[in-house]
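Letter by letter, the chains look like this.
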Amino acid sequence: MLEKRTPIPVSEAMEKCIQNTRQKEIIDINYLDSLNYVLAEDIIATYDIPMFNKSPYDGFAIRSEASDGASGEKRIAFKVIDHIGAGTVSEKAIKGNEAVRIMTGAKIPNGADSVVMLEQTVATDDGFTLRKTFTQGENISFQGEECKRGDVVIQRGTVINAGVIAVLATFSYATVKVYQKPSVAIIATGSELVDIKEKLVPGKIRNSNGPMIMGLCKDMHIEVNSYHVKADDYDVLFKVVEEAMQQHDIVITTGGVSVGDFDYMPQIYKDLKAEVLFNKIAMRPGSVTTVAVSDDKFLFGLSGNPSACYTGFELYTRPVIHKLMGETEVYPTFVKATLSEDFTKANPFTRFTRSDLDFKTMTVKPSGFNKSNAVVAIATSNSMIVLPGGSRGFVTGDTVDVLINRLSTGNGVPW
Ligand code: AMP
Ligand code: MG
């Protein structure tokens with residue numbers, strides 16, 4: 001008898017995945033190797049930044065008071081008594097109309113309370129003149145204005161980017177605590193599949209899902225082990241899934257999760273005694289996407305149809321990987337945009353359609369051929385339109401949610 005599956009909403013399916021995810025263990029790593037890992041500790045300022053009042057310009061440190069009354073007609077003269085570059089400190093304290101020639105980043109000398117930019121002066125034999133009055137604190141970078149010793153400057157759960165590495169260097173975090181990354185296995189199933197170098201004879205198709213998932217994982221900077229395509233043979237499949245589970249945190253299979261005669265994945269979950277979180281989602285494409293867990297291991301049964309496979313990865317696998325890696329933000333990014341084309345086909349399930357989002361105008365339209373078996377649209381689109389399920393279609397001008405997948409298309413330099 002055919003098993004009856006009850007569809008659950010996308011948000012509930014996503015939530016079930018996230019609820020069942022534990023973060024990976026914490027490891028110490030050299031800060032230069034920490035790029036794209038996630039911080040497992042708060043980064044705390046170990047001193048004030050700036051550490052002392054300093055000059056943001058090349059110029060002269062003066063007492064602002066001495067510039068009172070300066071104008072074009074009445075230039076005021078200053079005598080330079082010392083000259084310091086960044087990294088050196090003046091031992092002299094300035095008085096009256098004295099000044100210290102100072103370079104960007106150097107410590108403000110005692111007695112000075114403002115900095116005159118080089119461009120604002122006219123040189124004299126022993127110094128310079130200026131035509132403008134300065135106020136106390138003008139052109140000074142103050143101690144602690146960016147952050148103070150003890151401040152949490154970057155929170156645990158943040159992905160380490162180049163800026164974070166700069167902060168680690170600033171505060172002497174030579175090693176830093178991060179979450180270990182998960183490892184992923186990808187197994188493409190289906191007797192019709194052939195790998196890239198095999199002969200493509202009638203009835204066969206290329207395995208595109210396996211390499212695509214590999215690309216998606218590599219894009220997330222995680223290890224992925226790709227198994228050879230597996231024919232729809234229960235014993236072979238069971239063995240390879242079981243083996244992959246021993247070695248990886250996540251096992252992704254594509255194909256074979258539906259109710260066809262050779263769809264063996266549901267039986268495999270049963271025999272592995274894995275807890276199936278869901279096996280039917282109120283979404284198109286990919287309603288049969290199945291997720292199961294067993295001893296902290298995740299099994300993602302993604303649909304064989306390429307677009308459905310991609311959608312399943314983006315909605316369920318990606319957030320789980322983010323959480324395993326220790327990220328605080330695990331949900332996808334979506335924006336509101338205006339439809340620039342009609343989409344009249346109604347569906348009771350939430351529909352995810354590959355799309356081209358124009359970031360300049362925030363308008364969006366479906367991207368080329370878009371059925372669930374489409375491959376090319378995955379490559380050429382930058383987003384997915386999310387259309388809520390219901391009895392009506394959507395028309396030009398409607399506001400829709402758009403899930404952003406890729407930001408790599410430039411759109412000019414207007415400034
Ligand atoms: P299935 O989910 O096994 O019912 O497969 C659904 C459809 O996706 C079928 O037309 C398959 O031929 C196709 N398909 C399955 N696996 C792959 C794959 N790895 N690459 C490309 N297409 C696939
Ligand atoms: Mg199949």
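Just above sits the structure.
Residues numbered from 1 in each chain as written. Chains lettered and ligands numbered in written order. Predicted model: local features only at pLDDT ≥ 70, side-chain atom pairs only at ≥ 80, totals over all residues. Heavy atoms only, no water.

A. Region of interest: the overall build of the protein chain. Scanning the protein chain for helices and strands turns up 7 helices and 24 strands. Relative to the compact-globule value of 22 Å for 415 residues, the protein chain shows a C-alpha radius of gyration of 31 Å, a clear excess of over 25%. Relative to its full complement of 415 residues, the protein chain shows a buried share of 47%. A separation of at least 24 residues holds for 71% of the contacts in the protein chain among residues at least 6 apart in sequence. (Helix = DSSP H or I, 4+ residues; strand = E, 2+ residues; numbered from the N terminus. Rg over C-alpha atoms; globule rule 2.2 N^0.38 Å. Buried < 20%, exposed > 50% of the residue type's maximum accessible area, 1.4 Å probe, protein only. Contact = heavy atoms within 4.5 Å.)

B. Structural view of the site of ligand 1. Surrounding ligand 1, one finds 14 residues, the nearest of these being Glu192, Asn207, Ser208, Gly256 and Gly304. One of the side-chain N or O atoms of Glu192 is found 2.6 Å from an oxygen atom in ligand 1. Between ligand 1 and Asn207, the relevant distance is 2.9 Å, taken from a nitrogen atom to a side-chain nitrogen or oxygen of the residue. Taken by itself ligand 1 offers 490 Å² of open surface, and the protein chains cover 77% of this. (Near = heavy atom within 4 Å. Polar contact = N/O pair within 3.5 Å; in protein donor to acceptor, adjacent residues only side chain to side chain. Areas by Shrake-Rupley, 256 points an atom, 1.4 Å probe, with all protein chains shown as cover.)

C. Focus on the pattern of salt bridges. On inspection of all chains with the given rule, the structure shows 8 salt bridges. Ionic pairing is found between Asp28 and Lys177, a salt bridge with its closest N-O pair at 2.9 Å. A residue pair is termed long-range when its members are at least 10 positions apart, and Asp28 in strand S1 (residues 26–30) and Lys177 in strand S10 (residues 175–179) qualify at 149 residues. By relative accessible area, Lys177 is classed as partly exposed at 34%. Among the salt bridges present, the one from Lys132 reaches Glu138, with a minimum N-O distance of 2.9 Å. Since its relative accessible area comes to 32%, Lys132 is described here as partly exposed. Each of Lys24, Glu25 and Asp249 takes part in a single network of salt bridges with overlapping partners. (Salt bridge = Lys/Arg side-chain N within 4 Å of Asp/Glu carboxyl O.)

D. View of the sheet that holds strand S5 (residues 98–102). On the basis of which strands lie adjacent, the open sheet formed by 6 strands has the order S6-S3-S5-S4-S8-S7 and mixed pairing. In the strand order of this sheet, the two ends are held by strand S6 (114–117) and strand S7 (122–123), each with one partner. Across 5 bridges, the pairing between strand S4 (residues 76–84) and S5 is parallel. Looking at the pairing, Val80 lines up with Ala99 of S5. (Pairing = 2+ DSSP bridges.)

E. View of the packing of aromatic side chains. Within the structure shown, the criterion is met by 7 aromatic pairs. Taken together, a centroid distance of 5.3 Å and an interplanar angle of 10° make the contact between Phe78 and Phe128 stacked. Linking Phe78 in strand S4 with Phe128 in strand S8 (residues 127–130), this pair joins segments that are 50 residues apart in sequence. The exposure class of Phe78 is buried, given its relative accessible area of 2%. Given a relative accessible area of 0%, Phe128 falls into the buried group. Taking the centre distance of 5.9 Å and the plane angle of 25° together, the rings of Tyr234 and Phe238 count as stacked. With a gap of 4 residues between them, Tyr234 and Phe238 both fall in helix H4 (residues 234–247), about one helical turn apart. Since its relative accessible area comes to 18%, Phe238 is described here as buried. Members of the aromatic cluster, each reached through a chain of ring pairs, are Phe60, Phe78 and Phe128. (Phe/Tyr/Trp six-rings, centres within 6.5 Å; stacked < 30°, edge-to-face > 60°.)

F. Local environment of the pairing of strand S24 (residues 399–404). One ladder, built from 5 bridges, connects strand S20 (residues 334–339) with S24; its direction is antiparallel. Each residue of the ladder has a partner; that of Thr338, found in S24, is Thr399. Note that strand S23 (residues 383–387) and S24 share 4 bridges and pair antiparallel. Among the inter-strand pairings, Met384 is bridged to a residue of S24, identified as Leu403.

G. Local environment of the packing of helix H3 (residues 209–219) against helix H6 (residues 306–324). Two numbers describe how H3 lies on H6: the axes approach to 11 Å, and their chain directions differ by 30°. Regarding the angle of H3 to H6, the classification is roughly parallel. In this structure, the crossing between H3 and H6 has a hand that is right-handed. In contact with Asn209, Met212, Ile213, Leu216 and Cys217 of H3, H6 contributes Pro306, Cys309, Tyr310, Phe313, Glu314 and Arg318. Considered class by class, the residues forming the contact of H3 with H6 number 8 nonpolar, 1 polar and 2 charged. (Axes fitted to C-alpha atoms, helices over the stretch in contact; angles between N-to-C directions. Parallel < 35°, antiparallel > 145°, perpendicular 65-115°, else oblique. Left-handed = near helix turned anticlockwise from the far one by under 90°. Nonpolar A, V, L, I, M, F, W, Y, C, P; charged D, E, K, R; others polar.)

Geometric descriptors of this kind do not, in isolation, establish any biological role.
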